[in-house]
Amino acid sequence: MAELNLVQAINLALAQEMERDDRVMVLGEDVGLNGGVFRVTDGLQKRFGEDRVVDTPLAESGILGTSIGLAINGMRPVPEIQFEGFLGPAYDQIVHHAGRMRTRTRGAVTVPLTVRVPVGGGIHAPELHSDSPEAIYSHHVGLKVVMPSTPYDAKGLLLAAIRDPDPVMFFEPKRVYRSYKEQVPEDDYTVEIGKAKIVSEGDDVTVITWGATVFQALAALDELPEDVSVELIDMRTIYPMDEDTIVESVMKTGRCVIAHEAPRTAGMGAEIATILQEKCFLHLEAPVQRVTGFDTVMPYYKLENHYLPESPRIKEAIEQVLAY
C-alpha cells in the first residue's frame, strides 16, 4: 500500500481503470503530452497511447460534446476541464444533453460520463480559477455530484463514477491536491456514491462539510476545549445527498454548523439547513449556522483567505451554537 496525495490517487485510479476496461479514455486540454495542468494525467498517454489519452483543442463545449457522443456509443470517457471557471462553455452540453439523455430517450440511452474538474480556492489563482460550483450542478436533475477530500476517497469515488451508468461531476479540491497524504490500497475498491463519511463521532454538535473545508473543520476542532464533543461529517457526495447520515447525527446532537467555500446565497448549506428544519425541528437546540464564502467574486490572493471558511470562523460558529 502506497502513501499518496490526491493527485497521485486520481492518477492511479485512472491508470487502473484504463487497464481493466479498454472503453475508458481521457480527453481534455493538455491532458496527454503535458499530463494535465495539475499533472493528474501524467504518464497516461505514454502508457495507453494517443487514441485513449487525447489532447483536445481549447474548446470546452467540444470536449463535452465529443465525450457525450463517445459515451452514448459505448465508451467510458473521462473529460477534464482545467478549472471550474471554464465549465461555462460546456454547461449546455452537461445540463441539457448529458443530464437529460436518459429521460429524453425513456431509458433507452444513457451517458456514462465522468467530468473531472479542479475546484475551489486556496492556491492564489486568478479570477475564474477558484470557484465552487457544486450547488449549480446539484440543482440539475440527471447529474451526480461528488467531491472527495482525501486520496483514499478520491480513488474509490472516481472508480465508482467511471462505472456509473449516468453522468457524474467529479469535483477535485485543488487546495488539497498535494497538501495531504495517506495510505491508498493498490487493490480495486470503490466508495459508494451517495454515502457520507463520519470523520469523527461526537455528541454536542454536528459539523457538516466537504472538499478542502474538511481540513479547516479538523483544525477548528483542534482549537476547541477537550470536553466539547463534535461529530464531523464529510459529505463526499453532494448529490444525491446522504440525508440519513446528517439527519441521524443532528437528531443526536441537536446542533449543527455547515461549512462550504461556495457563496452563501443558494449554496448547498441552505439546502441542508432546510432538510434539517423539515426533519429535525423538534430535536434542534439552536439555529443551524452556516460558514461559507461571501456573495461576491472570489477576491485576489491577498484577501482570499478572508473569503474562505477558515478554521477560526468555523470554531466561532461552533461556539455560538453551543452557547445558544
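An account of the accompanying structure is given in this report. Treat the numbers as computed from the prediction; the structure is a model and nothing was measured.

Here's the deal with the overall build of the protein chain
Point 1. Secondary structure assignment for the protein chain yields 12 helices and 14 strands.
Point 2. For the protein chain, the C-alpha atoms occupy an extent of roughly 60 × 40 × 40 Å along the three principal directions.
Point 3. Counting the 324 residues in the protein chain, one finds 55% classified as buried.
Point 4. Counting contacts in the protein chain only where the partners sit at least 6 residues apart, residues at least 24 apart contribute 82% of the total.
Point 5. For the protein chain, the exposed surface amounts to about 13900 Å²; the carbon and sulfur share of it is 50%.

Digging into empty space enclosed by the protein
Point 1. By the definition in use, this model includes one cavity of 30 Å³ or more.
Point 2. Roughly 80 Å³ of volume is contained in the largest cavity.
Point 3. In terms of lining residues, the largest cavity is bounded by 13 residues, among which Ser-132, Met-147, Trp-210, Ala-212 and Glu-261 are the most central.
Point 4. For the lining of the largest cavity, the element with the highest residue contribution is strand β13 (residues 256-263), accounting for three residues.
Point 5. Considering only residue class, the lining of the largest cavity consists of six nonpolar, five polar and two charged.

Considering the pairing of strand β14 (residues 289-293)
Point 1. Sheet topology note: the β13/β14 ladder contains four bridges and is parallel. Looking across to β14, one finds that Ala-259 is bridged to Val-291.
Point 2. Crossover handedness for the path β13 to helix α10 (residues 268-280) to β14: right-handed.

A word on unusual backbone geometry
Point 1. Residue Pro-240 follows Tyr-239 across a cis peptide bond; omega there is 0°.
Point 2. Positive phi values are uncommon outside glycine, yet Arg-106 reaches one of about 55°.
Point 3. Topologically, Arg-106 is positioned in the loop between α5 (101-104) and β5 (114-119).
Point 4. A positive phi is found at His-124, a non-glycine position, where the angle reads about 60°.
Point 5. Along the polypeptide, His-124 turns up in the loop between β5 and α6 (134-138).
Point 6. A relative accessible area of 45% places His-124 in the partly exposed class.

Some remarks on the packing of aromatic side chains
Point 1. Overall, the coordinates contain eight aromatic pairs when judged by the stated rule.
Point 2. Between the aromatic rings of Phe-38 and Phe-83, the centroid separation amounts to 5.4 Å while the plane-to-plane angle is 65°, which identifies the pairing as edge-to-face. Residue Phe-38 is located in the loop between β2 (24-28) and α2 (44-48), and its partner Phe-83 is located in the loop between β4 (76-80) and α4 (91-98); the two are separated by 45 residues in the primary sequence. Exposure class is identical for Phe-38 and Phe-83. Each is buried.
Point 3. Between Phe-294 and Tyr-307, the aromatic rings sit 6.1 Å apart at their centres with planes inclined by 70°, giving edge-to-face as the arrangement.

Remarks on the environment of Val-26
Point 1. As for its position among the elements, Val-26 is in strand β2.
Point 2. For the pair formed by Val-26 and Pro-77, sequence separation is 51 residues and the distance between their alpha carbons is 5.9 Å.
Point 3. Among all residues touching Val-26, those that are not within four sequence positions of it are Leu-14, Met-18, Val-31, Thr-41, Arg-52, Val-53, Val-54 and Val-78.

Comments concerning the pairing of β4
Point 1. Taking burial as the measure, the five residues of β4 include five buried ones, the bulk of the element.
Point 2. Burial along β4 is two-sided: the residues Arg-76, Val-78 and Glu-80 and Pro-77 and Pro-79 are all buried.
Point 3. By the bridge criterion, five bridges tie β2 to β4 in an arrangement that is parallel. Counted as the bridge partner of Leu-27 is Pro-79 from β4.

Here we look at helix α12 (residues 311-323)
Point 1. Under the 1.5 Å per step criterion, the end-to-end length of α12 is 18 Å for 13 residues, consistent within 8% with the ideal 18 Å.
Point 2. Residues of α12 that are buried include every one of Ser-311, Ile-314, Ala-317, Ile-318 and Val-321, and no others. Mapping the buried residues of α12 onto a view down its axis gives an arc of 125°, with all of them on the same face. In α12, those exposed residues whose orientation departs by more than 90 degrees from the buried face are Pro-312 and Ala-323.

Observations concerning the layout of surface pockets
Point 1. Of the pockets and cavities examined, the largest pocket occupies roughly 330 Å³.
Point 2. Elements with a contribution of two residues or more to the lining of the largest pocket: α6 and β13.
Point 3. When grouped by side-chain class, the residues that make up the lining of the largest pocket number 12 nonpolar, seven polar and three charged.
Point 4. Counted as a void, the second largest pocket has a volume near 260 Å³.
Point 5. Lining the second largest pocket are 14 residues, with Ala-135, Ser-138, His-139, Met-268 and Glu-271 sitting closest to its centre.
Point 6. Looking at the lining of the second largest pocket, the elements that each hand over two or more residues are α6, β12 (237-239) and α10.

Examining the nonpolar core
Point 1. Among the nonpolar cores identified, the biggest contains 42 residues, and Ile-94, Tyr-137, Met-169, Phe-171, Ile-208 and Trp-210 are the most heavily contacted of them.
Point 2. Listing elements by their share of this core, those giving two or more residues are α3 (60-72), α4, β5, α6, β7 (168-173), α9 (243-253), β13 and α10.
Point 3. When neighbours within four sequence positions are excluded, Ile-208 is seen to be in contact with Ile-233, Met-235, Ile-246, Cys-256, Val-257, Ile-258, Ala-259 and Ile-272.
Point 4. Listed in part, the 37 residues of the second largest apolar core include Ala-9, Ala-13, Val-53 and Ala-154.

Rules used throughout
Each chain carries its own residue numbering, running from 1 in the written order of its sequence. Local features in this predicted model are restricted to residues whose pLDDT is 70 or higher, and side-chain atom pairs enter the listing and the counts only when it is 80 or higher, whereas totals over whole chains, interfaces and linings include all residues. In computing side-chain values, all of the structure's heavy atoms are included and hydrogens and water are not. By the criteria applied, helices consist of DSSP H or I runs no shorter than four residues and strands consist of E runs no shorter than two, each listed in order from the N terminus. Summary of the burial criterion: residues with accessible area below 20% of their type's maximum are buried, those above 50% are exposed, and those between are partly exposed, where the area comes from a 1.4 Å probe applied to protein chains only. Contacts are assigned to residue pairs that have any heavy atoms within 4.5 Å of one another. To be clear on the numbers: accessible area is Shrake-Rupley with a 1.4 Å probe, and residue cover counts the displayed protein chains and nothing else. Only protein atoms enter the 1 Å grid, on which a cavity is a set of points fitting a 1.4 Å probe that cannot get out and a pocket is an open set with protein on both sides within 12 Å along at least 5 of 7 lines, lining residues being those with an atom within 4 Å of a point. Grid points are joined across faces, edges and corners, and a volume is the space filled by probe spheres set on the points. Ten residues, namely Ala, Val, Leu, Ile, Met, Phe, Trp, Tyr, Cys and Pro, are considered nonpolar, four, namely Asp, Glu, Lys and Arg, are considered charged, and the remaining ones, Gly among them, are considered polar. What makes two strands pair is DSSP finding at least two bridges between them. The handedness of a crossover follows from its direction of travel: if, with the strands pointing away from the viewer, the path from the first strand over the helix to the second runs clockwise, the crossover is right-handed. Each Phe, Tyr or Trp ring, with Trp reduced to its six-membered ring, pairs with another whose centre is within 6.5 Å; inter-plane angles below 30 degrees give stacked pairs, above 60 give edge-to-face pairs, and intermediate values give tilted ones. One fewer than the residue count of a helix, multiplied by 1.5 Å, yields its expected span. Arc, as used here, means the arc of the directions from the helix axis to the C-beta atoms. Nonpolar cores are built from buried Ala, Val, Leu, Ile, Met, Phe, Trp, Tyr and Cys residues. Side-chain atoms within 4.5 Å join them into one set.

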